Amino acid sequence: MFDKIIVLDYGSKYNQLLVRRVRELGVYSELWSYTTPINKIKEDSSIKGIILSGSPHYVNDEGAPLADKELFELGIPVLGVCYGMQLMAKVLGGEVEKTESGEFGAKEVTFSLGSSLTKGLGASQILRMSHYDRVSRLPQDFEKLGESILTSVAAMKHKDKELYGVQFHPEHDESVNGMTIINNFIENIVKAKKNYSMANFITYQVRQIRDRVKDNNVILGLSGGVDSSVVAALLSKAIGNQLYCIFVDHGLLRKNEVSDVVDSFGGHFDLNLIVVDAQDRFLNKLQFVDDPERKRKIIGYEFIEVFNDEAAKIESAKFLAQGTLYTDVIESGTDASKVIKSHHNVGGLPEDMEFELIEPLNTLFKDEVRELGRELGLPDKLVDRQPFPGPGIGIRIIGDVTFDKVRVVQESDFILREEVALANLDKDIWQYFTVLTPIKTVGVKNNQRTYENALVIRAVTSTDGMTAQFAHVPYDVLDKVSSRIINEVSGVNRVLYDITSKPPGTIEWE
Ligand code: XMP
């Protein structure tokens, strides 16, 4: 259904961005390993274009990742980007040399020759350079398209074949007309069908899912998070009440979470929603446990038990759906179909479950999943939700977990969320929540001495959760949150703000 442009991955940090840029322009794209056998490319008739990514390697080094010459003889248009261009030059008989200083940042490139790749652009362009090496001699039958101060060959093309190379990174934000160049490749050179959209993705997936599932039932662990919610909405459209969503309430969810999920799905979507109230079961198991890793293990183990018990009650359930994303697939470096997302939901799913997996999001990036969710009619509140850890509030209570401590975290977290939303900060902050400490401090409330717990506000900005900075929440917002928590949540008489970034801190406290 979709034409495809593959990006062969030579290790550049921009390679996923290249894939996303192509998709943004309406053509489906995937990142493939540069070691992919040429036959696999030949056999896939949906591949209409190939992009060779950048790389930290020097193409003349021993062991540098190379390409089969045949790749350039398939009749499929190829665009080499940065290392990709140097690789194309070397494999086709040109030469590449090291420079002394390298060329980094936004640089002027002068195009001396018109081409389909630079159609619509003026002769002088600002483009992002990031390289030490350069093409010093063009391969036979290639011509130079343009140059920069350091690089005589800033772009090149074959005289007759659809083979192009650029030394710069058109996918980078600093490349002013970079998207025009990528679009020219897609539109004028590859001539790919521009029909990749979430609306078409739904049509395609619905058909695929129906063909595969037939009359069987599908089970999905619904966590209330973005990914599993979008899977639920998509499967509901495809197979309606053959879908059984199991939502385990382990008692460590945020305030109103259960009713929010029931409101979002109950009535609006054709599916079976099974809410399992397992609060007592989890909290009993967590009694007197204060070690963070043990808490995680107990919650994970119990989750699987509860999930298994419920799943066993569903007849003709042949499939298990999961919200695995494309980044999980890329990171694990294996075929999309083989990956099981180990950190999915609370503790990973049991290995001995005899289900076939359905992972309809495993070609999508997170922002596409959100767009898909909107297209399927999920509310913004759900689609834009901040990440929430599987073990939930269990790892936001330092020390052992009790019903009363859960209440304190739920109530304070609710106030924080209300005030962050009121201050219009919810889109700017990656994650924000409260942590209950076991530290008791002296305070005064209504002229009475208090001796209650200190509570921490944690709010961070981040793009992927791997690194994070503490969010610079305005003092007046912090002030309001603090006084509301102390006045409205019994058991807390002091509020602290965590100003640790990650690293050295982690986002969660446990
Ligand atoms: P840390 O605390 O490691 O968190 O900086 C990074 C991101 O991961 C989330 N997180 C978890 N998610 N199970 C989960 O599903 C867990 O045990 C867990 N621990 C941390 C955290 O909320 C943040 O988004």
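Chemist: When you look at the packing of aromatic side chains in this model, what are you seeing that I'm missing?
Modeler: Tallying each qualifying case throughout the model produces 12 aromatic pairs. Taken together, a centroid distance of 6.1 Å and an interplanar angle of 35 degrees make the contact between Phe2 and Tyr28 tilted. In this pair, Phe2 is assigned in the segment before strand E1 (4-9) and Tyr28 in strand E2 (residues 28-33), connecting sequence segments 26 residues apart. Comparing Phe2 with Tyr28, the two get one shared label, buried. Centroid distance Phe104 to Tyr132: 5.1 Å. Interplanar angle 70 degrees. Geometry classified as edge-to-face. Taken as a pair, Phe104 in strand E5 (residues 95-111) and Tyr132 in strand E6 (residues 124-137) lie far apart in primary sequence, 28 residues in all. In this structure Phe104 comes out as partly exposed when scored by relative accessible area, which is 39%. Among the aromatic side chains, those forming a connected cluster through ring pairs are Phe2, Tyr28, Tyr196 and Tyr204. Lying across the ring of Phe365, Arg20 places its NZ or CZ 5.0 Å from the centre. Of note, Lys40 hangs over the ring of Trp32, and the distance from its end group to the ring centre comes to 4.9 Å.

Chemist: Could you clarify how one ought to interpret the pattern of salt bridges in this entry?
Modeler: Pairing between side chains becomes possible if they bear opposite charge and their charged atoms approach one another. Following the criterion strictly, the structure yields 39 salt bridges and no others. In this structure, the salt-bridge partner of Arg21 is Asp173, at a minimum N-O distance of 2.9 Å. Of this pair, Arg21 sits in helix H1 (residues 15-24) while Asp173 sits in the loop between strand E9 (163-166) and helix H4 (178-190); the two residues are 152 residues apart in sequence, bridging distant segments of the chain. When its relative accessible area of 13% is taken as the criterion, Arg21 is described as buried. For Glu310, the salt bridge is made with Lys313, and the minimal N-O distance between the two is 2.9 Å. Residue class for Glu310 comes out buried when judged on its relative accessible area of 12%.

Chemist: What am I meant to see in the packing of H1 against H4 here?
Modeler: A packed helix pair is summarised by two numbers, namely the angle formed by the two axes and the spacing between the axes. For the pair H1 and H4, interaxial distance at closest approach is 10 Å and the crossing angle is 70 degrees. In terms of axis orientation, H1 runs roughly perpendicular to H4. Every pair of crossing elements has a handedness; the one defined by H1 and H4 is right-handed. Every residue of H4 that contacts H1 at Arg21, Val22 and Glu24 is listed here: Met179, Ile182 and Ile186. The residue inventory of the contact of H1 with H4, partitioned by class, reads four nonpolar, no polar and two charged.

Chemist: Is there a simple way to think about the site of the ligand in this case?
Modeler: Close contacts around the ligand come from Arg296, Pro387, Pro389, Gly390, Pro391, Ile395, Gln431, Gly465, Lys502, Thr506, Ile507 and Glu508, and that covers them all. Between the ligand and the protein, one listed contact pairs an oxygen atom with a side-chain N or O atom of Glu508 at 2.5 Å. Relative to its unbound accessible area of 490 Å², the ligand is 73% covered by the protein chains. For the shell around the ligand, a count of residues per class yields five nonpolar, four polar and three charged.

Chemist: What am I meant to see in the packing of helix H5 (residues 198-213) against helix H6 (residues 226-239) here?
Modeler: Here H5 crosses H6 at 65 degrees, and the two axes come no closer than 9 Å. Taken as a pair, H5 and H6 cross one another with a handedness that is right-handed. Residue-level inspection shows Phe201, Ile202, Gln205, Val206, Ile209, Arg210 and Val213 of H5 in contact with H6, the latter providing Leu234, Leu235, Lys237, Ala238 and Ile239. A class-by-class count of the residues in the contact of H5 with H6 yields nine nonpolar, one polar and two charged.

Chemist: Even after reading the chapter, I still don't get the domain arrangement of the chain, so can you show me in this structure?
Modeler: By a widely used convention, the size of an interface equals the accessible area lost when the partners come together. Domain annotation for the chain reports domain 1 (4-190), domain 2 (198-383) and domain 3 (396-497). One C-alpha centre belongs to domain 1, the other to domain 3, and the line joining them spans 49 Å.

Chemist: Please explain the confidence of the model for the chain as it appears in this structure.
Modeler: Low pLDDT means the predicted coordinates in that region are not meant to be read closely. Averaged over the chain, the pLDDT score is 94; the fraction of residues at 70 or greater is 96%. Taken as a whole, residues 334-348 scores under 50 in pLDDT and shows 41 contacts with residues more than four places along the chain or in a different chain.

Chemist: Is there a simple way to think about the environment of Lys237 in this case?
Modeler: For Lys237, the position within the fold is in helix H6. Spatially, the C-alpha atom of Lys237 lies 25 Å from that of Pro387, the residues being 150 residues apart in sequence. Residues within four places of Lys237 in sequence aside, it is in contact with Ile202, Val206, Arg210 and Leu376.

Chemist: How do you make sense of the sheet that holds E1 when you look at a structure like this?
Modeler: Pairing between the strands of a sheet is mediated by backbone hydrogen bonds and can be parallel or antiparallel. Strands sit in the order E2-E1-E3-E4-E9-E8-E7-E5-E6 across an open sheet of nine strands; the sheet is mixed. Across the chains shown, the open sheet's two edge strands, defined by having one partner strand only, are E2 and E6. Ignoring which end each strand starts from, the neighbouring axes of this sheet average 25 degrees apart. Direction of pairing for strand E7 (residues 142-147) relative to strand E8 (residues 155-158): antiparallel, over a ladder of four bridges. Within the sheet, the bridge partner assigned to Lys144 lies in E8 and is Met156. This element, H1, spans E1, E2 and strand E3 (47-52) of the sheet and lies at about 160 degrees to E2. Across the sheet, H4 is in contact with E1, E3, strand E4 (78-81), E6 and E9; its angle to E3 comes to roughly 145 degrees.

Analysis parameters
- Residues numbered from 1 in each chain as written.
- Predicted model: local features only at pLDDT ≥ 70, side-chain atom pairs only at ≥ 80, totals over all residues.
- Heavy atoms only, no water.
- Phe/Tyr/Trp six-rings, centres within 6.5 Å; stacked < 30°, edge-to-face > 60°.
- Helix = DSSP H or I, 4+ residues; strand = E, 2+ residues; numbered from the N terminus.
- Buried < 20%, exposed > 50% of the residue type's maximum accessible area, 1.4 Å probe, protein only.
- Lys NZ or Arg CZ within 6 Å of the ring centre and 35° of its normal.
- Salt bridge = Lys/Arg side-chain N within 4 Å of Asp/Glu carboxyl O.
- Axes fitted to C-alpha atoms, helices over the stretch in contact; angles between N-to-C directions.
- Parallel < 35°, antiparallel > 145°, perpendicular 65-115°, else oblique.
- Left-handed = near helix turned anticlockwise from the far one by under 90°.
- Contact = heavy atoms within 4.5 Å.
- Nonpolar A, V, L, I, M, F, W, Y, C, P; charged D, E, K, R; others polar.
- Near = heavy atom within 4 Å.
- Polar contact = N/O pair within 3.5 Å; in protein donor to acceptor, adjacent residues only side chain to side chain.
- Areas by Shrake-Rupley, 256 points an atom, 1.4 Å probe, with all protein chains shown as cover.
- Domains from an automatic or database assignment.
- pLDDT = per-residue confidence, 0-100.
- Pairing = 2+ DSSP bridges.

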